Structures are given as C-alpha cells and as structure tokens.
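Here's the letter readout for the chains.
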Amino acid sequence: MERTKVDTILRGGIVVTRDSATQQDIAINGEQIVAIGRADLLPDAERIIDLTGQYVLPGAIDCHAHYNYEGWDQGSVLSALGGITTTIPFINCRRADSGAVADAVRHALDEANACSVIDFTFHVILSPTPDTDYRPLLAGVGDGVRLGVRSYKMFMGYRQSGRNPVTDDFLYAAMVEIGAHDALTMVHAENADLIAALEQELISQGKVTPEYFCGSRPVAAETEAINRAAEIARLAGAPLYIVHLTSAEGLALIKARVAEGQTIYTETCPQYLLLTEAEMSRIGPFAKIGPPLRAAAELDGLWRGIRRGEIPIVGSDHSTSPREAKEPGWTNIFFDGDGNSIPFGAPSAETMLPLLYSEGVVKRGLPVWWLARVLGENPARVFGLYPRKGVIAVGSDADFTVIDPDGRTAFRGADLHSRAGYTPYEGWELSGALALTMVRGQVVVQNGQVRQTGGFGRFVPGSPPMAPVYGAVTGAAAQGVTT
C-alpha cells in the first residue's frame, strides 16, 4: 500500500524546543506541522529539504519593532533576513477620539497585508493629547481587541511632540480599560520629568557631546518608573509588561513584585546585553537609544538574569531614522541646529538572532533551546499567539528559523537591508549563519535570498496573554543534543 504523501519533509535537522534539542524529521502539509519523528516513521513527501547538522528553531518572533522609517515592505524583508517569521511592530494612535484605535489598526492592516513577507500582529501605542479628554481614546481599546490586537503601550519617558509622556491618571485609567478586555499593558518605563531636568542641566554646562548622553537617562530614571508603573498596575488589577529592561536593579524590582504575586513580564534587547555606554564615544548618535546603553555591570546583571530564566523574552527594538537626522548628534546629542531632537533608535531586527546565537549560545555557553524560549514560545504565549506560533508541535504553523552552526556572519552597515545604512555592530564577525526562514510551510529566505513577495505575510489575531516559561537555562542538561 502506498504511504500517505505530504508536501514537505525537513530532514536531518536538530529540532529545538523550549528545553531540548534532538535530531528529528518534520513533516509539513499545507501550512501546518503534521508529524515529528524518525524518518522511517514519517510519510513520503513531494519535497525534501536536507537540514543535516543544522538547528531547526521555532520561527523567531520579534515582539518589539518600529517600522516608521523602514515601512512595511523593507521592514518585513530585513526582519525575514534576520530569521524572523512573525513580527509585532508598534502602530501609533495620533488622535484622541474613540475611533482612533480601530482606524490605526485598520490602516496598519491595509499596509501590512499589501507589503509584508512574514506574518504579523500589532501593538498599539496610546498617546494622550495634552489638555484633551482621554476617555474617548481609551474607549477604543475594546475595538482594537475585537480586531485582534491585545497589547497597548504607553511612553513614560519622553516629552517630544508626538510622544507625550503619560500622566499617572491616564496610566491608571488605561490599565483598567486594557485589563478589562483581557489585553496587556506595555510601558516604556523612564521618568520623563527627571530626564528633562538632567538633560537641561547637562546642556547648561555645555556637556552635549555623545559621551554625556547616558547621564541624562540614568538607571534611577528607569527604576523609579518601573516601580511607579508596577504600583499603578497593582491598584488597577492589571498585568504589566516592561519593555526593553536595561538594569539589574530594575530586574530585582520586577522579581520582588512577581514573588509577591503580581503579574509582570519583561524583555531585554541585544543592545543592552552587548554594548556598553562607553560605545557612545565611538558610535555616537548612531547608538542613541532610549533607554540608553549602560555600564558593564548592568550587562553582567542582565546576563545573570538570562541564565536564571528571569528575563523570558528578547526583542529587537528595531527603530531607525535617516543618517542625516542622526549626524548632527556628534556635535549635540540632544538637539540639532534647528532645535529638533536627535532621533532615538538603531537598526536591530536583522542582527538580533545572529547576535544572540553567537554571543549567547556559542560564546557564553547557553543552550540553543534558550533561543526557542526567548524568541519563540515565550513571546507567543505572552502576546497571545501560542500555540499557533512559537513552538514546533503538531498542529502549529510550519514556521522555522534554521541556523547553520558551521556558518559565519559578518555585519557591514552597507550590506544590511535597513534604509538607515548603518549598524552599531559594524565589523562584528559572528559564529553561525541563518540558513533558512520558513513561514507556514513556505520558504521565505534561503541562503540570503528572499523567496516571497509583499502580501505573503498574514495577520495573526492575538488571544489573552499567557504566562511565559521560566526556569534556569544552565547546568548539565543545558548542553545536550540527543539523537
């Protein structure tokens, strides 16, 4: 009797889950995984892709990206070239009326459906307009949830136009509304008033070159805002997500509240694990990010948190601006000659996974399945995509990020695909290379070539958040690969 035939078999790869790495084959039919196991137990296939000796990870999810400058076309392409199969960028509400959230989501859907080469969902940024009743804006959260968006972000740390820092009354009201819809509040936790005072103090002293920038946004600005946001969330009875954590003290605050029973999640980013504040003298405005780069001791503290499984997610915080807007920051890191703020942000989506594999797995000895947690299952769980995304399991979407451990990766800003044309990791040589990116059973990137066109990616509506997988990622079990 002829055996059942499926569309694709991924053969010979080392299949990586949240706590193991084993040599197995994967059968794909249509858009889903239909079987995992030994080759002789799987059906025949129309197509066999040989991945012998390569790590087959759950499709990487970038849960923190901004495509404002790149646009969906270039943003999704550079993300795919970095091994990302699902992206969750931020979209902005620029109005204060009750239709703002729904209109922002529908507009983003139109753009992404036309342009994205990978799957996607969204976070919505809620920015209250000064001296305007914010209740109509918050009333739109329910519309956003019905459209499939389950996460809403607020900035606590900026005073620039269009990034109004939220007041505590707005933060509380928003958390109550967001929580009532089984959605998740996200905050950029920095104290805007303290930052404004420190920035003006430095400017008045003529300390405006890049090496002074980090002093304007110290760890204390982050920890105060984390503590305040957490206390407001506790009063609101709502879960909270702290984006781009940068400090050991901030992590300690979060751990203490979680130990008391509060629901708080967090993430960090490669730049806070790999670059120190000393880089400001060398990279200058191209390393101006918010929160800023930190001292080496903070990096060490974050890596300890990674090893203990206390930081469950890593996101890229990809956010770029034209080079010409950044360049004046060499002279004044705060403002250009016309009084415009030197923009924050740096390209990161394309470089995130290669950096984490080379610097985390190869250099620091973390298990390869750590990547399956922080870039796969945990973001899928927290942002309501699990189990469709983030895991290699029967019935899940056939999304895979494949790493060749014998490959090499080199970063040159001119060769990367951001419109910015620069990278903070200029000249870095890394162990490992992305071999394949697959979304819903179709190859999106293979050997550095994009195989899909805009419009291939699909919207994935979110469900209520779930707790991530915690637990240490060190010890004897961390190193094993079984066959």
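Residues numbered from 1 in each chain as written. Predicted model: local features only at pLDDT ≥ 70, side-chain atom pairs only at ≥ 80, totals over all residues. Heavy atoms only, no water.

**Concerning the overall build of the protein chain**
Convention followed: To qualify as a helix, a DSSP run of H or I must reach at least 4 residues; to qualify as a strand, a run of E must reach at least 2; elements of each kind are numbered from the N terminus. The size measure is the radius of gyration over C-alpha atoms, and the globule rule it meets is 2.2 Å times the number of residues to the 0.38 power. Think of it in three bands: with a 1.4 Å probe and only protein chains considered, a residue is buried below 20% of the maximum accessible area for its type, exposed above 50%, and partly exposed in between. Only heavy atoms matter for contacts: two residues are in contact if any of them lie within 4.5 Å across the pair. A residue counts as positive if it is Lys or Arg and as negative if it is Asp or Glu; His and the chain ends are not included. Charge positions come from single atoms, namely NZ of Lys, CZ of Arg, CG of Asp or CD of Glu.
From N to C terminus, the protein chain includes 14 helices and 20 strands. Over its C-alpha atoms the protein chain spans a radius of gyration of 22 Å, differing by no more than 12% from the 23 Å that the globule rule assigns to 483 residues. Dimensions of the protein chain, computed from the C-alpha atoms along their principal axes, are close to 80 × 45 × 45 Å. For the protein chain, the residues scored as buried account for 59% of the 483 residues in total. For the protein chain, restricting intrachain contacts to residue pairs at least 6 apart in sequence, the fraction spanning at least 24 positions comes to 77%. Averaging the coordinates of the 41 positive side-chain charges in the protein chain and doing the same for the 55 negative ones gives two points 3 Å apart.

**Overview of a nonpolar patch on the surface**
Basically, it comes down to this: Any residue with relative accessible area above 30% and no salt bridge may belong to a patch, with like charges joined within 9 Å and the nonpolar Val, Leu, Ile, Met, Phe, Trp and Tyr side chains within 5 Å. Note that accessible areas follow from Shrake-Rupley with a 1.4 Å probe, and for residues the cover is restricted to the protein chains shown. By salt bridge we mean one thing: a side-chain nitrogen of Lys or Arg within 4 Å of a carboxyl oxygen of Asp or Glu.
Taken together, the side chains of Tyr172, Val176 and Leu235 present a nonpolar region at the surface, about 280 Å² in accessible area. Here Val176 lies in helix 5 (residues 168-180). Assessed through its relative accessible area of 36%, Val176 is described here as partly exposed.

**Comments concerning the confidence of the model for the protein chain**
Do not read the predicted coordinates in detail wherever pLDDT is low. Rule in force here: The quantity called pLDDT is the predictor's confidence in a given residue, expressed from 0 to 100.
Mean pLDDT for the protein chain: 95, with 96% of residues reaching 70 or above. Counting contacts from residues 476-480, a segment whose pLDDT is below 50, to residues more than four positions away or on other chains yields six contacts.

**Focus on the sheet that holds strand 17 (residues 400-410)**
Definition in use: Only strands that DSSP links by at least two bridges are regarded as paired with each other.
The seven strands are arranged 3-2-7-17-18-19-20 in an open sheet whose pairing can be described as mixed. This sheet does not close on itself; its edge strands, each paired only once, are strand 3 (21-23) and strand 20 (449-450). In the sheet, strand 18 (residues 429-439) pairs with strand 19 (residues 442-446) via four bridges, with the strands oriented antiparallel. Counterpart to Leu436 in the pairing with strand 19 is Gln446.

**Describing the packing of helix 7 (residues 219-236) against helix 8 (residues 248-259)**
Convention followed: Only the stretch in contact is used when a helix axis is fitted, and all axes are lines through C-alpha atoms; the angle between N-to-C directions ranges over 0 to 180 degrees. Here roughly perpendicular refers to angles of 65 to 115 degrees, roughly parallel to angles under 35, roughly antiparallel to angles over 145, and oblique to all remaining angles. Here is the rule for handedness: rotate from the far helix to the near one, and if that takes an anticlockwise turn smaller than a right angle the crossing is left-handed, while a clockwise turn gives right-handed.
Here helix 7 crosses helix 8 at 15°, and the two axes come no closer than 9 Å. Comparing their axes, helix 8 and helix 7 come out roughly parallel. Between helix 7 and helix 8 lies a crossing of right-handed hand. Counted together, Val219, Thr223, Ile226, Asn227, Ala230, Glu231 and Arg234 of helix 7 and Glu249, Gly250, Leu253, Ile254 and Arg257 of helix 8 form the full contact between these two elements.

**Quick notes on helix 2 (residues 100-115)**
Under the convention used in this document: A helix's residues, less one, multiplied by 1.5 Å, set its expected span.
In a regular helix each residue adds 1.5 Å, so 16 residues correspond to 22 Å; helix 2 covers 23 Å between its end C-alpha atoms and thus fits that length. Taken residue by residue, helix 2 has Ala100, Val101, Ala102, Ala104, Val105, Ala108, Leu109 and Ala112 as its buried positions.

**Considering the packing of helix 8 against helix 11 (residues 296-307)**
Here is the rule: Three classes are used, and their members are as follows: Ala, Val, Leu, Ile, Met, Phe, Trp, Tyr, Cys and Pro are nonpolar, Asp, Glu, Lys and Arg are charged, and the others, Gly among them, are polar.
One way to put it is that helix 8 packs onto helix 11 with a least axis distance of 8 Å and a crossing angle of 35°. In contact with Ala248, Glu249 and Leu251 of helix 8, helix 11 contributes Glu298, Gly301 and Gly305. Looking at side-chain class alone, the contact of helix 8 with helix 11 contains two nonpolar, two polar and two charged residues.

**Here we look at the pairing of strand 1 (residues 5-11)**
Two strands pair when backbone bridges link them, and strand 1 and strand 6 (residues 44-50) are joined in this way by six bridges, in the parallel orientation. Residue pairing across strands places Ile9 opposite Ile48, the latter belonging to strand 6. Where strand 1 lies against strand 4 (residues 25-29), three bridges are found, and the strand directions are antiparallel. Looking across to strand 4, one finds that Leu10 is bridged to Ile26.

**Brief notes about the side chain of Thr87**
On the secondary structure map, Thr87 appears in strand 9 (residues 84-92). With sequence-adjacent residues up to four places away left out, Thr87 is seen in contact with Asp62, Ala65, Tyr67, Trp72, Ile118, Asp119, Phe120 and Thr121.

**A word on the packing of aromatic side chains**
To keep it simple, the criterion reads: Ring pairs are drawn from Phe, Tyr and Trp, using the six-membered ring of Trp, whenever the two centres fall within 6.5 Å, and their geometry is named by plane angle: stacked under 30 degrees, edge-to-face over 60, tilted for the rest. Distance and angle both matter: a charge sits over a ring if NZ of Lys or CZ of Arg is within 6 Å of the ring centre and within 35 degrees of the ring normal.
Throughout the structure, instances matching the rule amount to 17 aromatic pairs. Taken together, the ring pairs connect Tyr67, Trp72, Phe120, Phe122 and Phe459 into an aromatic cluster. We note Lys288 situated over the ring of Phe344; from NZ or CZ to the ring centre the distance is 4.4 Å. A cation sits over an aromatic face here: Arg381 above Tyr386, 5.0 Å from the ring centre.

**Considerations on the nonpolar core**
For clarity, the cut-off: For our purposes a nonpolar core is just a set of buried Ala, Val, Leu, Ile, Met, Phe, Trp, Tyr and Cys residues, chained together by side-chain atoms within 4.5 Å.
Of all hydrophobic cores here, the largest spans 130 residues; its most connected members are Phe122, Leu126, Tyr152, Tyr241, Trp370 and Leu371. The dominant element in this core, judged by the number of residues it contributes, is helix 14 (residues 369-382), at eight residues. Among residues more than four places away in sequence, those in contact with Tyr152 are Val101, Val124, Leu126, Val141, Gly144, Val145, Ile178, Ala183, Leu184, Thr185 and Met186. With 16 residues, the next largest nonpolar core counts Val15, Ala435, Met438 and Val443 among its residues.

**Looking at the sheet that holds strand 6**
Pairing is mixed across the open sheet formed by four strands, whose spatial order is 5-4-1-6. Looking along the sheet, the strands with just one partner apiece sit at the ends: strand 5 (32-37) and strand 6. Each adjacent strand pair in this sheet contributes to an overall mean axis angle of 25°, direction not counted.

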